[in-house]
Amino acid sequence: MPTASDAWQALADWQPQKLTDLVAADPQARLQALVRNVADIRFDFAKTHLDDAAIAILSGLADAQDFGGRRKTLFSGGIANPTENRAAEHSAERGDGAPESVHVAQALHQRMRMMIDAIEAGAFGEIRHLLHIGIGGSALGPDLLVDALGRHSDRYDVAIVSNVDGAALDEVIANFRPEHTLVAVEYKTFTTTETLLNANSALQWLDEAGVADPLGRFIALTAMPDRAIEWGIDETRILPFSETVGGRYSLWSSIGFPAALALGWDAFADLLEGAAEMDRHFRLADGADNICLLAAFADQIYANRLGCQTRAVFAYDERLRLLPDYLQQLEMESNGKAVTLDGERLAQQSAPITWGGVGTDAQHAVFQLLHQGTHRVPVEFVVAREPDHLLDDAHHETLVANCIAQGAALMTGRASEDGARAYPGDRPSTTILLDQVSPRTLGALIAFYEHRVFANAVLLGINPFDQFGVELGKEMAKGLAEGTIDFDPATQALMKAALGD
Ligand code: F6P
């Protein structure tokens, strides 16, 4: 069997063909090989440089990196995160994992559901607003879900505050009535400075507004219940989740509480079911039939053969406008690593820089660079068949036509004698077409991205589930604020200029 370095060498020797040639050669075969439908989502990789040779090389790499073994470890609750010596059990939240973990996840979901029933039944008085405080994985996922799926829901106003900049919290509490507000403090570790400060200020706001028992309005969503109790939240108002569910993989656990409250339990259950459908696909499909692995193959040829340092995701759907933000954390915090599982320096490029925006707005802002700039950027379009409005069909038709046209224009380009008006073409894109933006399809889509990240990590031989890179900055920020670290003169001068002595 070829080793991983043989496979990387083969990838270096592989010569990509022109996209237009690939697509023209045998269109039927290409569509059959590179377009798949899973969970009512069409994943289209036809406009990438993937060809049979590249797929064979990358399948060899997957074997050499023990893709099958690592996937089994992931789904069986084994140590998928060796640097922290723990499992990565987000799929157990969706019913796929070690039986004991699935059982625990279901029991904790039940507890979350009972809390929602209690709120709906008026156990906290007349609750209209939910102030959700959390950051990173404790905010981006719920924010995406509520923004995408809660637009027509009149159940509760949910506001998600993450930034430590007081302006964020201030803006929300200006519009919320304290007597009708419930506060959900989301933090996995119960140690994050920003969240703690925002929680304290929210408590003060309720207190100053004369709310009786302000702490009684707090619910904690955490993997560290003891710390929440210590902070003052009663055990009955803690919705725990397992420590083996990573922050950026946690929206399926009680971290999804704001979404479950805003959308209703049935919608949350559908979200889990959509993700479970993708879990089954990822666990069972082999080789290039596995859409998450196929996507990772494309990612690897761009990052590690064709020199692409970034990957752009454009949602041609207002409901999915937060998807690029969500993916930035998922992809960059997971795979932005420089060390392999064996502790060696990674010889390849790790995660590309994920960025993106919303179509068609982005066409009038950043697409110039995509069409004519010197960078080659693989672009991902995410679009839905069904619109979210009852306005004239022209809106949706124009939106979708623009999305599809961009992919075609990037691929074909256009020659011109006048350099400024020439489009080089041969620029890759993938298109993900959802039947509709529903809890089920969004669950499947997010799970697809999670498993794609995992598949990339396996191909690279890295651990996607730790995030030590963020620790140094946190320590230094604390040291700077407390004056406990002797900083360099440039930093000291800057600190003095910004905050005085
Ligand atoms: O600083 C990074 C990080 O630890 C993320 O991994 C995590 O999603 C976020 O901070 C928030 O952590 P917590 O939920 O513990 O506040």
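Source: prediction; values computed, not measured.

Reading the values: rules and limits
Residues numbered from 1 in each chain as written. Predicted model: local features only at pLDDT ≥ 70, side-chain atom pairs only at ≥ 80, totals over all residues. Heavy atoms only, no water. Core = buried A, V, L, I, M, F, W, Y, C linked by side-chain atoms within 4.5 Å. Buried < 20%, exposed > 50% of the residue type's maximum accessible area, 1.4 Å probe, protein only. Helix = DSSP H or I, 4+ residues; strand = E, 2+ residues; numbered from the N terminus. Contact = heavy atoms within 4.5 Å. Near = heavy atom within 4 Å. Areas by Shrake-Rupley, 256 points an atom, 1.4 Å probe, with all protein chains shown as cover. Domains from an automatic or database assignment. Axes fitted to C-alpha atoms, helices over the stretch in contact; angles between N-to-C directions. Parallel < 35°, antiparallel > 145°, perpendicular 65-115°, else oblique. Left-handed = near helix turned anticlockwise from the far one by under 90°. Nonpolar A, V, L, I, M, F, W, Y, C, P; charged D, E, K, R; others polar. Pairing = 2+ DSSP bridges. Salt bridge = Lys/Arg side-chain N within 4 Å of Asp/Glu carboxyl O. Arc of directions from axis to C-beta. Lys, Arg positive; Asp, Glu negative; His and termini not counted. Right-handed = clockwise from strand over helix to strand, strands pointing away. Phe/Tyr/Trp six-rings, centres within 6.5 Å; stacked < 30°, edge-to-face > 60°. Lys NZ or Arg CZ within 6 Å of the ring centre and 35° of its normal.

Our next topic: the nonpolar core. Counting 104 residues, the largest nonpolar core has Ile119, Phe257, Leu445, Phe448 and Tyr449 as its most contacted members. If you tally residues by element for this core, the top one is helix H17 (residues 439-460), at 14 residues. Sequence-distant contacts of Phe448, that is, excluding residues within four places in its chain, are made with Phe43, Met278, Ile291, Cys292, Ala295 and Ile432. Counting 24 residues, the second-largest nonpolar core is a separate cluster that includes Val183, Tyr187, Leu206 and Ile233.

Okay, the site of the ligand next. Close to the ligand lie 14 residues; Gly137, Ser138, Thr189, Thr192 and Glu333 are nearest. Bound to the protein, the ligand loses 89% of the 390 Å² it would expose on its own.

What follows is about unusual backbone geometry. Of note, the bond from Gly359 into Thr360 is cis; its omega dihedral lies within 30 degrees of zero at 10°. Among the secondary structure elements, Thr360 is positioned in the loop between strand S9 (353-358) and helix H15 (367-372). Of note, Asp66 is a non-glycine position whose phi angle comes to about 60°, a positive value. Looking at the secondary structure, you find Asp66 in the loop between helix H4 (52-64) and helix H5 (67-76). For Asp66, a relative accessible area of 43% translates into the label partly exposed.

Taken domain by domain, the chain comprises domain 1 (91-269) and domain 2 (469-499). The centre of domain 1, based on its C-alpha atoms, is set 31 Å off from the matching centre of domain 2.

Here the focus is the packing of helix H1 (residues 4-13) against H4. Their axes nearest at 8 Å, the elements H1 and H4 cross at an angle of 160°. Our classification of the angle between H1 and H4 gives roughly antiparallel. The element H1 and its partner H4 pack so that their crossing is left-handed. Here Ala4, Ala7, Trp8, Ala10 and Leu11 of H1 come into contact with H4, specifically with Ile57, Leu58, Leu61 and Ala64. Taken together, the residues that form the contact of H1 with H4 break down as nine nonpolar, no polar and no charged.

Once that is clear, we can look at the sheet that holds strand S8 (residues 310-316). Within a sheet, neighbouring strands are paired by backbone hydrogen bonds and run either parallel or antiparallel to one another. Spatially, S1-S2-S11-S10-S8-S9 is the arrangement adopted by the six strands of the open sheet, whose pairing is mixed. With partners counted over all chains shown, the strands left at the sheet margins are strand S1 (35-38) and S9, one partner each. With direction set aside, neighbouring strand axes in the sheet form an average angle of 15°. Bridge analysis of S8 against S9 gives six bridges, and the strand direction is parallel. Each residue of the ladder has a partner; that of Phe314, found in S9, is Gly357.

Time to look at the sheet that holds strand S3 (residues 129-133). Within the open sheet, the five strands sit side by side as S4-S3-S5-S6-S7. Their pairing is parallel. Here the strands that pair on one side only, and so sit at the sheet edges, are strand S4 (157-161) and strand S7 (238-240). Taken over all neighbouring pairs, the strand axes of this sheet differ in orientation by 20° on average, direction set aside. Sheet topology places S3 next to strand S5 (residues 181-186); five bridges connect them, and they run parallel. The partner of Ile133 across the bridge, within S5, is Val185.

Enumeration over the complete set of coordinates arrives at 29 salt bridges. Note that Glu273 is salt-bridged to Arg280, the shortest N-O span being 3.1 Å. For Glu273, a relative accessible area of 37% puts it in the partly exposed group. In the salt-bridge network here, residues are joined through shared partners; they are Asp299, Arg311, Glu331, Glu380 and Arg452.

Moving on, we get to helix H8 (residues 166-175). Every buried residue of H8 is accounted for by Leu169, Val172 and Ile173. Across the axial projection of H8, the buried residues extend over an arc of 95°, all falling on one side. Exposed side chains of H8 directed beyond 90 degrees from the buried face belong to Asp170, Glu171, Ala174 and Asn175. The inward-facing, buried residues of H8 contact S3, S4 and helix H9 (193-208).

To continue, consider the side chain of Glu89. Note that Glu89 resides in the loop between H5 and helix H6 (99-120). The side chain of Glu89 sits in the buried core without any salt bridge; Arg86 is the nearest counter-charge, 9.2 Å away.

On to the pairing of strand S6 (residues 218-222), then. Regular strands place side chains that alternate from one sheet face to the opposite one. With five of five residues buried, S6 is to be regarded as a mostly interior element. Alternating residues of S6 divide into Phe218, Ala220 and Thr222 and Ile219 and Leu221, and every residue in both groups is buried. Bridge count between S5 and S6: four bridges; the pairing is parallel. By the bridge assignment for S6, Ala184 is matched with Ile219. In terms of handedness, the path from S5 via H9 over to S6 forms a crossover that is right-handed. As judged from the three bridges shared by S6 and S7, these two strands associate in the parallel manner. Bridge pairing in S7 links Leu221 to Leu239. In this fold, the crossover linking S6 to S7 by way of helix H10 (residues 225-231) has right-handed handedness.

Before going further, it helps to spend a moment on the packing of aromatic side chains. Counting across every chain of the model gives 12 aromatic pairs. Relative to Phe448, the ring of Phe43 has its centre 4.5 Å away and its plane inclined at 45°; by these criteria the two rings are tilted. Residue Phe43 is found in strand S2 (residues 41-44), and its partner Phe448 is found in helix H17; the two are separated by 405 residues along the sequence. By relative accessible area, Phe43 is classed as buried at 0%. Relative accessible area serves as the criterion here: at 0%, Phe448 is assigned to the buried category. Here Arg94 stacks its cationic end above the ring of Trp252, 4.5 Å away from the centre of that ring. Over the ring of Phe75 we find Arg283, and its NZ or CZ is 5.9 Å from the ring centre.

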